[in-house]
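Secondary and tertiary structure notes
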Amino acid sequence: MKNVAVYGLSLFAGASLLATICGGCAIPGPRPLVPLPRIETVVPTDNPMTPQKVELGKTLFFDPRLAGDSSISCSKCHDPAKGFSNGTQLSEAYPGTKHWRSVPTVLNAAYASSLFWDGRSPSLEDQAKGPVQAPIEMNQNPGHLVEKLKQIPYYKSMFNTVFQSDVTFDNIARAIAAFERTIVSHNVPFDRYLEGDTGALDGEQIRGLELFMGKANCVACHHGALLDDTLFHATGVPEIEPLTGDSDRIATRHFFAKDAGYANYRIDADYGRELITKSADDRFKFKTPSLREVLDTAPYMHNGAFLTLEEVIDFYDEGGGDMPNKSPLMKPLNLTDNEKNAIIAFLESLSGDPVKITPPELPKKADGTF
Ligand code: HEC
Ligand code: HEC
């Protein structure tokens, strides 16, 4: 297949570039870019998917009663109409609190090797228990939640059917995870291209792919099926003031004012991966996120610092932010405007058909109240 040969060559170019930049450091070379595998390949054997389990998980995902004060559902922050994210820089939060990170999409989280910006959760089953209990997200006590759901006949009977058990916190998480595994990309132009449909990408997108693999060296960190590398890097994402209006928006863009240099520029104070590993080597490092479906998941980065893909590319073109332990893979790129546009066109080819989810009708308590 001609396609694959061309692709293999570019990948090789990317790999040798990586070796040049990285010298002797122990960063593994890029994995090939491959289409998204079938979901069956990543379903854990102890939590098989069944239609009823998925339906139960979907209802739980949309049910605000999972929150301590019954005010906020998973779907409020991971909104299907907003790419399963929430469209703002920083996440919404439990009433009276503030969140400090942006909402990653749940789309294709089924394939991720670790979850959260700092990679602190290994599986969807484990992850789902996090937001339920987190004081700044749903602020719920697991025991209370179980009692609350037991009062709702739909949940009592569904847990019985699906798990042959009463409502338990573990099974709440299992059902949600099974539903999340249905939220995956379909009919992605780039996948079709990799599978041999040469017309699936236009000329500009193919140039963008070549830049991604070559001059811009994005592939050094974004590779494999998700275009992530399952690793953590310091790139120097700037701190933000959450936007409330146009004037704020201009203020946060000072970083891009060339004449301001880096003097006015402060990186985000979130310690990232270090909060998990407790190793100062991991300060300011974040998980390389998947680049799939990026068309729908703005703002970008762990704090939503960049509102558009143009801003993301400008950031990389400048070699990222100015910080002591920045990854050696972050270098000024000297991209032309045409090249920047081509990379963005390529990134657009990583988004598939919109994933449509109809919100379920939420079940009531036996007395007919919510
Ligand atoms: C108040 C907003 C909010 C609610 C409610 C919420 N999340 Fe999240 N979610 C976030 C934020 C913010 C992050 C990233 C946090 C971090 O990295 O520290 C996140 C991360 C995730 C991730 C990891 C994605 C990745 O690629 O790393 C998954 C999966 C997820 N949430 C699923 C859920 C589920 C399931 C629920 C309901 C049980 C839920 N979320 C409720 C805001 C929310
Ligand atoms: C040194 C490794 C590295 C390189 C090289 C790299 N990235 Fe990234 N990328 C990351 C990390 C890490 C993040 C998350 C940073 C954060 O949130 O603090 C990220 C985030 C992104 C995001 C935001 C995704 C989201 O959902 O928020 C996009 C888009 C992106 N990169 C595209 C690119 C492109 C295009 C290139 C090449 C010009 C590139 N990256 C080069 C590691 C890298």
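Here, the structure is the one placed above.
Anyway, here's the lowdown on the structure attached to this text. (Residues numbered from 1 in each chain as written. Chains lettered and ligands numbered in written order. Predicted model: local features only at pLDDT ≥ 70, side-chain atom pairs only at ≥ 80, totals over all residues. Heavy atoms only, no water.)

1. Regarding the overall build of the protein chain
- Tallying secondary structure elements over the protein chain gives 13 helices and 2 strands in all.
- The buried share of the protein chain, taken over its 370 residues, is 51%.
- Counting only carbon and sulfur atoms, one obtains 55% of the accessible surface of the protein chain, whose full area is about 17000 Å². (Helix = DSSP H or I, 4+ residues; strand = E, 2+ residues; numbered from the N terminus. Buried < 20%, exposed > 50% of the residue type's maximum accessible area, 1.4 Å probe, protein only. Areas by Shrake-Rupley, 256 points an atom, 1.4 Å probe, with all protein chains shown as cover.)

2. A short note on the coordination of the iron atom of ligand 1
- Among protein atoms, the single one acting as a donor to the iron atom of ligand 1 is His 78 (NE2), 2.1 Å away.
- If you trace the backbone, His 78 turns up in the loop between α3 (74–77) and α4 (124–133). (Donors = N, O, S within 2.8 Å, 3.2 Å for Na, K, Ca; no water.)

3. Some details on the packing of helix α2 (residues 51–62) against helix α7 (residues 169–180)
- The geometry of α2 relative to α7 is characterised by a closest axis approach of 7 Å and an angle of 100° between their N-to-C directions. Relative to α7, the element α2 lies roughly perpendicular. Contacts from Lys 53, Val 54, Leu 56, Gly 57, Lys 58, Leu 60, Phe 61 and Phe 62 of α2 reach α7 at Ile 172, Arg 174, Ala 175, Ile 176, Ala 178, Phe 179 and Glu 180.
- Here the contact of α2 with α7 is composed, by residue class, of 10 nonpolar, 1 polar and 4 charged. (Axes fitted to C-alpha atoms, helices over the stretch in contact; angles between N-to-C directions. Parallel < 35°, antiparallel > 145°, perpendicular 65-115°, else oblique. Contact = heavy atoms within 4.5 Å. Nonpolar A, V, L, I, M, F, W, Y, C, P; charged D, E, K, R; others polar.)

4. Some words on the site of ligand 2
- In the neighbourhood of ligand 2, 26 residues make up the surrounding shell, with Cys 218, Cys 221, His 222, His 302 and Tyr 316 lying closest.
- Measuring from a nitrogen atom of ligand 2, one finds a side-chain N or O atom of His 222 at 2.8 Å.
- The separation between an oxygen atom of ligand 2 and a polar main-chain atom of Met 301 is 2.8 Å.
- Breaking the shell around ligand 2 down by element, the ones donating at least two residues are β2 (286–287) and α12 (309–317).
- If you tally residues by element for the shell around ligand 2, the top one is α12, at 4 residues.
- Classifying every residue of the shell around ligand 2 by side-chain character gives 18 nonpolar, 7 polar and 1 charged. (Near = heavy atom within 4 Å. Polar contact = N/O pair within 3.5 Å; in protein donor to acceptor, adjacent residues only side chain to side chain.)

5. What about the coordination of the iron atom of ligand 2?
- Of the protein atoms, only His 222 (NE2) and Tyr 316 (OH) coordinate the iron atom of ligand 2, at distances of 1.9 to 2.1 Å.
- Coordination geometry of the iron atom of ligand 2: the 6 donor atoms subtend angles of 82 to 179° at the metal centre, consistent with an arrangement described as octahedral. With His 222 in the loop between α9 (203–213) and β1 (232–233) and Tyr 316 in helix α12, the pair connects residues that are 94 residues apart, well separated along the chain.
- Using a relative accessible area of 8% as the deciding quantity, one classes His 222 as buried. (Tetrahedral: all angles 85-135°; square planar, octahedral: opposite > 155°, others 65-115°.)

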